[in-house]
Every structure is written in structure tokens, then in C-alpha cells.
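Per-entry structural report
Residues per chain are reported as follows:
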Amino acid sequence: MNYQQTIDYLFGQLPMFHRIGASAYKANLDNTITICKILGNPEKKIKCIHIAGTNGKGSVSHLVASVLQTAGYKAGLYTSPHLTDFRERIRINGQKIPKSKVVEFVSNFSKAFEAIQPSFFEYTFGMAVKYFADEKVDVAVIETGMGGRLDSTNVVNSIVTVITNIGFDHTQYLGDSLEKIALEKAGIFKNRIPAIIGQSQESVLPVYISKAKETHSELILADKIFKISNAEKTKGRHNLYKIDILKEGTLFLENVKCPLTGNYQLKNIITAIQVIEVLKGLQYTIQSEYILEGIRNVIKNTGLKGRWQILGRNPLIICDTGHNADGIKEVVAQLNEIQYKNLHIVIGFVKDKEIESIIKLLPENAVYYYCKANIPRGLDQMELLKSCKKMGLKGNAYKSVSEAFKTAKMNADKNDLIFIGGSTFVVAEVL
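Residues numbered from 1 in each chain as written. Predicted model: local features only at pLDDT ≥ 70, side-chain atom pairs only at ≥ 80, totals over all residues. Heavy atoms only, no water.

**Examining the sheet that holds strand β9 (residues 226-233)**
- The antiparallel open sheet is built from 3 strands, whose spatial order is β9-β10-β11. Of all the strands in the sheet, just β9 and β11 (250-258) have a single pairing partner and so form its edges. Put simply, the sheet's adjacent strands are angled 20° from each other on average, direction ignored.
- As defined by bridge partners, β9 adjoins strand β10 (residues 241-247) across 6 bridges and the pair is classed as antiparallel. For I228, the partnering residue across the bridge sits in β10 and is I245. (Pairing = 2+ DSSP bridges. Helix = DSSP H or I, 4+ residues; strand = E, 2+ residues; numbered from the N terminus. Axes fitted to C-alpha atoms, helices over the stretch in contact; angles between N-to-C directions.)

Written out as C-alpha cells, the structure reads:
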């Protein structure tokens, strides 16, 4: 098979949770363990920073990887889902896995894997750890897919584990309370390995404390050690956050510049800084200038996209991949900070979200363009229209994301704001 045929095989033949949902979910590590054994257990040959969380885990992963490669380390990065290119999932020092490596992996192992019928995620995780081991990365930053305890990534050789935060998402798989969800994510804690918590939410802190005692892990609460000070955004074509970072009340880094201007990124920066501090304690040489440069160049270094990304001006066009209640809450709060004449929102969701709790958060003073991403798991636009209409929101349904976005642009004045979101897959279709 050539590259396109290989990608068609991966997308078409393997159960893919992000496309079809529950039928692709495997609530055990059996397949992953078998895949790794077939591959010669590459997951045991690489040192990993393992990152879980409801929101922010992708951004934290990119920030940490950017700092590591800036400091001269060969840094692997495994994230999901991808937005426009499958190879976004697997990178070394920001460079996507070569097409030839994807073809080679599938060609070499497809017959052996077919006997165990792996999911898309299990298959691509195997590809990632094999590639990282073959290329002898110094360290790999590994983002969980969903949860933690039963996530395919939970076979890695962790040197640091991280949980960014806990919120309600995938409750049918992870549990119907924050405590249950936290317990699933804390399943990534490993024996005597430092465990970092990005946001120390009181309701779930006892879960972390108990799990850390069980695994004899040092529990580190990033937001109790580091704080953001003097946060301001530069104005102009290239927006940046300019911040100072305090460590236990003392200036740690001054005039940090970050191109990730979503307000929620301030929490993620704190978490990433704490990861770097732990790595320094593990004898990784990461000087302050590497941290500054790594944060400033995170988009350039790692290709991070879709997080409060500005796509155009006059009208201002912004997209964001926030897709659960906590993520949408952050988005709406930031929309409220912007001056505009009219607000246009292009929005779509996937079927298994509890959308009523999300719709309640959406601004009433907007015109909505309801759409369905081009995946089987996408929520039908007419169903979304009916649900939003009951909540008093105004708008129309469109048969595709592109049609909805095109109509929003046609209707928008140069002083208006167009926002695209609700689902990673809606955002992917406008990038």
C-alpha cells in the first residue's frame, strides 16, 4: 500500500472512538499489551512524561515538548486526536512521523495485529512507541486518550505523571462523579514516580492523596507552588500573553511571552512549568532561557493548533477545540471580554455529549450556525437546532461545517466576531 491507501486502511478498517464512539472503546489493556509484545516492548525502552486530564492535557504536552526540544533533548510527542493530518499525533522535535514510517509500520505488523482486532487508538499508540524507541528519543511526552487507568498509554515507562484537571466528560466510561473520574485518571500514577496535579480541586484532592500513598508517589500541586503575575495581552497582529511567574511568592521567570492567548492557557503554563521543575530534579539540564524560548515558540516548535486560534480579522474569526462544559465555560468567559458588533457562532457537537448542560452556557446574544462534522459520531444539525431553540438560542442549521462557516462569513460585518467550536472535529474542518 502507498501512504494514502495505508491511511484509508487505518481509518476504514479499525474501530475509531473519535469517529464512532462506544463501539471502538476497549475497557482493558489486553490488546495494547499484546501489541507491545509483538513489537518487542518498545514502551519499556523510552522514558515518558505521562499526561492525563479532562482539559488542557494537549496544550501541556505541547508546552513541555517544546521546552525539552529547545533545551537540546530529542523529544517525542504523542497526542490525539489530530486535526488535519494523521501524522500530527506522532512527532519528534516537532517533526511529524514520515509517511514512509507509517506505511512501513502497517506493512510490517498489520497481519499480526489483525488477529487481535485492535482499535485505531491501540494501533497508533503501538506505532508511536515503536517509532520513538527506534529513533532513540531522550524522552517522550505521552498524552492519554481518555481516562487513564484503562487507557492504552498506561503501559508506558513513566518518569513523571501529570493530571491537569478534572471535569465532567465521557461520564459513561469514566464515572458519573468527579471523584470517580479522578480515580480513573489517577490510575496513571506509578510506584515512586512524582505525580503532578495542575489544578488542585478540593473535591478530588482526597482521591489523589490516597492514590499517591498507595503508589508511594510524591504528590505535587502545581497551582500551590507557582502563580501567574502581571498577565497582559499584547495588542496587534501577533497576540502574545506577557506574564511573570512566581514560585512560592518569589519571582521565578520574568516577562514570559506565550502565543497561546486562551485565558485557560495560564493554568496550563503553570502545569508545564512544574513538569519542567521536576525534570530538573531528575538531572535534566533545562536553563531558564530554554523555558522562555520553549514557551514563546510552542506553536512553531510543535505545531499546536486549534486553541483560541485567530483565523482572520475584519471580521475577527476565532476557533477553539473546547468541547465539554468546563471548556465551553472558559470560551464564553473570554468571548465576553471582546468588543464586537455582532456575534456569530458556528457550532456542532458529537452525539455522546450531555449537550443540555453545555447549551445553557452559550451566549444568548449570538446568531448560531448549527452544523455536523463529517464523522458518524457527529450530532445531527437538526437535532442540535431543536435543542438550542428550546433554550432560546437563535439560528439555522446547515448541512456541513463549510456551509455554516461560509454563511457566517457572508453575514458578518467587519466589526463582528465569528467563533467556531463545540467539537474538535468542527474546528478541524475550518483549519
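**Topic: the environment of N2**
- Mapped onto the elements, N2 comes out in the segment before α1 (3-13).
- Look at N2 and you get partly exposed, because its relative accessible area is 42%.
- Spatially, the C-alpha atoms of N2 and K389 are 47 Å apart, while their sequence positions differ by 387 residues.
- Side-chain polar atoms of N2 contact the backbone nitrogen of Q5, separated by 2.8 Å. (Buried < 20%, exposed > 50% of the residue type's maximum accessible area, 1.4 Å probe, protein only. Polar contact = N/O pair within 3.5 Å; in protein donor to acceptor, adjacent residues only side chain to side chain.)

**Some points on the nonpolar core**
- Core analysis: the largest hydrophobic core is formed by 44 residues, its most contacted members being I49, V64, L68, I245, L279, I286 and I295.
- At 9 residues, the largest contribution of residues to this core is made by helix α11 (residues 265-281).
- Setting aside anything within four residues of it in sequence, one finds I49 in contact with V64, L68, V139, A140, V141, I142, I159, V160, V162, V275 and L279.
- Within the second largest apolar cluster, 37 residues are counted, among which are I92, F113, A128 and V137. (Core = buried A, V, L, I, M, F, W, Y, C linked by side-chain atoms within 4.5 Å. Contact = heavy atoms within 4.5 Å.)

**Looking at the pairing of β11**
- For β10 and β11, the ladder comprises 6 bridges, and the chain directions are antiparallel. Bridge pairing in β11 places I245 opposite L253.
- Here β10 hands over to β11 after 2 residues, with E248 in that stretch at a positive phi of 50°.

**What to know about helix α12 (residues 288-296)**
- Taken as a whole, α12 has its buried residues at I291, G294 and I295. Buried residues of α12, seen end-on, are gathered within an arc of 95° and therefore sit on one face of the element.
- Buried residues along α12 sit against α4 (57-70), β11, α11 and α13 (298-302). (Arc of directions from axis to C-beta.)

**Some words on the side chain of N154**
- With respect to the element layout, N154 can be found in the loop between β5 (139-143) and β6 (158-163).
- Within the structure, the side chain of N154 is placed 3.4 Å from the backbone oxygen of G148, a separation counted as a polar contact.

**Considering the environment of N55**
- Within the secondary structure, N55 is located in the loop between β1 (48-52) and α4.
- Residues N55 and I245 lie 190 residues apart in sequence; the distance between their C-alpha atoms is 22 Å.
- If we ignore the near neighbours within four places in the chain, the residues touching N55 are T164, N165, N324, D326 and G327.
- Engagement of the side chain of N55 in a polar contact is seen with the side chain of N324, the distance being 3.0 Å.

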